[in-house]
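# Chain and residue survey
Here is how the chains run, residue by residue.
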Amino acid sequence: MAQPIVAMPAQQAPSVAFSTLQQPAEGYIIERDLGIVFGTAAGVNYTNRITFDTRKILQDFTRNAEQVRNAAMQQMGQEAVSRGANIVLGVRFDTDPSGNSSIVTCHGTACVVKSRGTQ
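Residues numbered from 1 in each chain as written. Predicted model: local features only at pLDDT ≥ 70, side-chain atom pairs only at ≥ 80, totals over all residues. Heavy atoms only, no water.

This next bit is on the overall build of the chain. Of regular secondary structure, the chain possesses one helix and four strands. Its helices and strands taken in sequence order, the chain reads β-β-α-β-β from the N to the C terminus. A buried classification covers 32% of the 119 residues belonging to the chain. Long-range pairs, those at least 24 residues apart, make up 72% of the contacts in the chain with a sequence separation of at least 6. As displayed, the chain has an accessible area near 7,400 Å², and 53% of this comes from carbon and sulfur atoms. (Helix = DSSP H or I, 4+ residues; strand = E, 2+ residues; numbered from the N terminus. Buried < 20%, exposed > 50% of the residue type's maximum accessible area, 1.4 Å probe, protein only. Contact = heavy atoms within 4.5 Å. Areas by Shrake-Rupley, 256 points an atom, 1.4 Å probe, with all protein chains shown as cover.)

Right, here's the structure in full:
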């Protein structure tokens, strides 16, 4: 069985889990499907910058990409929590480099899951 990739953004504002799997982990069932949720964030695009310090460009790009991804996940998590979800399943990311910025969109299905043994 595939192992889920579960991540929480650094801010951890929403109390919701994220999983790349379409179904909950073994031993859990979907109690309610609350629909698709989205998150979008934009950041600086470092690919157009001219410099000889490639290490600095890579560090800046990596830091920025992580911050933008986390902001998009936090927004998606807040939407999921507002609907009453405790997990977002099937999380996917799309990136669109646009001029001097990069736009990251993430989406998944907000759900309420419970342990199979819970009534």
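Okay, back to it.
Turning next to the nonpolar core. If you look at the biggest cluster of nonpolar residues, it comprises 15 residues, and the most contacted ones within it are Phe18, Val37, Met76, Ala80 and Val88. Breaking this core down by element, the ones donating at least two residues are strand 2 (28-44), helix 1 (54-82), strand 3 (87-98) and strand 4 (101-115). Residue contributions to this core peak at five residues, all from helix 1. (Core = buried A, V, L, I, M, F, W, Y, C linked by side-chain atoms within 4.5 Å.)

The next thing to look at is the confidence of the model for the chain. Across the chain, pLDDT averages 81, with 76% of residues at or above 70. Within the chain, helix 1 has the poorest average pLDDT of any element, 84, and strand 1 (residues 17-18) the best, 93. Long-range and interchain partners of residues 1-10, a stretch whose pLDDT sits below 50, account for 21 contacts in this model, where long-range means more than four residues apart. (pLDDT = per-residue confidence, 0-100.)

What follows is about the environment of Gly117. For Gly117, the position within the fold is in the segment after strand 4. Given the relative accessible area of 64%, Gly117 is considered exposed.

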